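Each chain, written out:
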Amino acid sequence: HTRKASIARVDTQSLGTSTMATTAVGVLLVGVLHLTSQGDREPPFRRCSQNCRRLCNGVVDPPTLQWCEDVGVAPAQHSTAPWDTLLWSCHSECEYRCMWWAEGERASAGKPSVQYYGKWPFIRVLGVQEPLSVGLSAANLVVHARGVSEYRRRVPPTTSGSVGYPVRSLWVLHGATMVVAWLCAMAFHTRDTYLTEKLDYFSATAGIMMAPLVSILRMLPHGTPAAVSGGIAVAFVVGYIRYVYVMMSLRQFDYGFHGRYNVVWVVLMVPLWCGWWAWSRATHPHAWKAALFAVAVPVCAAAELFEFPPIAAALDAHAVWHALTVPLAGLWWAFLTDDAVFETSRPHRDPRRKRAEHTS
């Protein structure tokens, strides 16, 4: 979600400075901060949008009406298809049509495409604002849904007399959270509104934070007191609630900090799973999948750093990132399933205990 990070104002003191100790990747993801984008600041677009909005508000004068009709943005020329009228108001239709009129003017003058209100120009399809990102979000949703379904099928719940897998229910909850997150992403890319934006951002953060939380709980030694694991879980939940509360309390949503905050949790997975792989690879043949996933996610996320105007008004850096997460999600669930099956179906000793016995 770095496209809107470029139009944000950073105001993070209320969340404390501890969470700002992020990596260079996080800093790069913020980008240059502006309140608006170049396209919506330019006079041609502003004139077009203002004239069109006046007609939407019922202020009709012949010169304005004639001008809007000449460039094809008059409200009477707006789409009346049901899928459009349900998603687009007269004012938002004005912005969309004026954006493309302004883009045509720039192209005629040999100028490159620019962003409008923090987003590149996209061709909408059946009222869908970013159809390719919607499709890729749906693909991610399907992979997570199938992954958690296969996980539940192959990893039975703990019952009386069975070994069970202590964090099974938490990984299932993580999977459900990711399914909801990608559903919210589909809604957001279908139509960017205040509600769909917040649902997308906060659900994504919930899913991202759950991954290191359950990872830590999975790595705790057997016999760890419930008070310890419960305390870790409560700390994460409280941290998430506080984050949402503070972000919603700001006068202007801080897109830059939202991006950095999520990067912290993504990067945390690298030492967690790479360290676990180094420690357990001799006894867990599937450990490489976790390390590969942990490293690949931040590397692929860097694709958003190389922003470019959408190819065919559909494929931009954000869509590329969504495309890369599809196979990563499959890799993640393959590891989680293999790990749970391994832990519950094969008798083995903890490698740390084995090493301690060997050296004694």
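Computed from a predicted model, the values in this text were never measured in an experiment. (Residues numbered from 1 in each chain as written. Predicted model: local features only at pLDDT ≥ 70, side-chain atom pairs only at ≥ 80, totals over all residues. Heavy atoms only, no water.)

1. Some words on the overall build of the chain
At step 1: Within the chain one finds 14 helices and zero strands.
At step 2: In the chain, 72% of the contacts between residues at least 6 apart in sequence involve partners at least 24 apart.
At step 3: Of the roughly 17700 Å² of accessible surface on the chain, a fraction of 66% belongs to carbon and sulfur atoms. (Helix = DSSP H or I, 4+ residues; strand = E, 2+ residues; numbered from the N terminus. Contact = heavy atoms within 4.5 Å. Areas by Shrake-Rupley, 256 points an atom, 1.4 Å probe, with all protein chains shown as cover.)

2. Here's the deal with the nonpolar core
At step 1: Judged by nonpolar contacts, the single largest core of 48 residues is most densely connected at Tyr 151, Trp 171, Trp 273 and Trp 332.
At step 2: Elements that contribute at least two residues to this core include exactly helix 7 (131–154), helix 8 (168–190), helix 9 (194–219), helix 10 (226–249), helix 11 (255–280), helix 12 (287–301) and helix 13 (317–345).
At step 3: Ala 74, Cys 94, Ala 102 and Val 114 belong to the second-largest nonpolar core, a separate cluster that totals 17 residues. (Core = buried A, V, L, I, M, F, W, Y, C linked by side-chain atoms within 4.5 Å. Buried < 20%, exposed > 50% of the residue type's maximum accessible area, 1.4 Å probe, protein only.)

3. As for the confidence of the model for the chain
At step 1: A residue-level look at the chain finds 84% of positions with pLDDT of 70 or above and a mean pLDDT of 81.
At step 2: Confidence drops under pLDDT 50 across residues 348–360; counting only partners more than four residues distant or on other chains, this segment forms twelve contacts. (pLDDT = per-residue confidence, 0-100.)

4. What about a nonpolar patch on the surface?
At step 1: A surface patch of nonpolar side chains, amounting to about 260 Å² of accessible area, comprises Ile 123, Val 125 and Leu 126.
At step 2: For Ile 123, the location among the structural elements is in the loop between helix 6 (90–108) and helix 7. (Patch = residues over 30% accessible without salt bridge, like charges linked within 9 Å, V, L, I, M, F, W, Y side chains within 5 Å. Salt bridge = Lys/Arg side-chain N within 4 Å of Asp/Glu carboxyl O.)

5. Brief notes about helix 3 (residues 43–56)
At step 1: For helix 3, spanning 14 residues, the distance from its first C-alpha to its last is 20 Å, which sits close to the expected 20 Å at 1.5 Å a residue.
At step 2: Listing the buried residues of helix 3 in full gives Phe 45, Cys 48, Ser 49, Asn 51, Cys 52 and Leu 55. Looking straight down helix 3, one finds that the buried residues subtend no more than 165° of arc, so they occupy a single side.
At step 3: Looking at the buried residues of helix 3, the elements they touch are helix 2 (38–41), helix 4 (62–71) and helix 6.
At step 4: Trailing helix 3 by a residue or two, Gly 58 shows a phi angle of about 85°, which is positive. (Expected span 1.5 Å × (residues − 1). Arc of directions from axis to C-beta.)

6. Notes on the packing of helix 7 against helix 8
At step 1: Their axes nearest at 9 Å, the elements helix 7 and helix 8 cross at an angle of 165°. Classified by the angle their axes make, helix 7 and helix 8 are roughly antiparallel. Crossing geometry of helix 7 relative to helix 8 is assigned as left-handed. From helix 7, Ser 133, Val 134, Ser 137, Ala 138, Asn 140, Leu 141, His 144, Ala 145, Val 148, Tyr 151 and Arg 152 reach across to helix 8, where they touch Arg 168, Trp 171, Val 172, Gly 175, Met 178, Val 179, Trp 182, Leu 183, Ala 185, Met 186, His 189 and Thr 190.
At step 2: Among the residues making up the contact of helix 7 with helix 8, the classes are represented as 14 nonpolar, seven polar and two charged. (Axes fitted to C-alpha atoms, helices over the stretch in contact; angles between N-to-C directions. Parallel < 35°, antiparallel > 145°, perpendicular 65-115°, else oblique. Left-handed = near helix turned anticlockwise from the far one by under 90°. Nonpolar A, V, L, I, M, F, W, Y, C, P; charged D, E, K, R; others polar.)

7. Section: the state of the cysteines
Note on terminology: a disulfide is the covalent bond linking the sulfur atoms of two cysteines.
At step 1: By the definition in use, this model includes three disulfides.
At step 2: At a sulfur-sulfur separation of 1.9 Å, the disulfide partner of Cys 52 is Cys 94. Measuring the twist about the S-S bond at about -70°, one finds the Cys 52-Cys 94 disulfide to be left-handed. Residue Cys 52 is located in helix 3, and its partner Cys 94 is located in helix 6; the two are separated by 42 residues in the primary sequence. Side by side, Cys 52 and Cys 94 carry an identical accessibility label, which is buried.
At step 3: Disulfide partner of Cys 56: Cys 90, at an S-S distance of 1.9 Å. (Disulfide = S-S within 2.5 Å.)

8. Remarks on the packing of aromatic side chains
At step 1: Per the stated rule, a full pass over the model turns up 22 aromatic pairs.
At step 2: Arranged with centres 6.1 Å apart and planes meeting at 80°, the rings of Trp 273 and Trp 332 form a pair that is edge-to-face. With Trp 273 in helix 11 and Trp 332 in helix 13, this residue pair connects regions lying 59 residues apart in the sequence. Grouping residues by exposure puts Trp 273 and Trp 332 together as buried.
At step 3: Taken together, a centroid distance of 4.5 Å and an interplanar angle of 20° make the contact between Phe 293 and Trp 332 stacked. Here Phe 293, found in helix 12, pairs with Trp 332, found in helix 13; they are 39 residues apart in sequence, far enough to count as distant.
At step 4: Pairwise contacts between aromatic rings join Phe 188, Tyr 201, Phe 202, Phe 236, Tyr 243, Phe 253, Tyr 255, Phe 257, Tyr 261 and Trp 265 into one cluster.
At step 5: Of note, Arg 191 hangs over the ring of Trp 88, and the distance from its end group to the ring centre comes to 4.0 Å.
At step 6: Of note, Lys 198 hangs over the ring of Phe 253, and the distance from its end group to the ring centre comes to 4.8 Å. (Phe/Tyr/Trp six-rings, centres within 6.5 Å; stacked < 30°, edge-to-face > 60°. Lys NZ or Arg CZ within 6 Å of the ring centre and 35° of its normal.)

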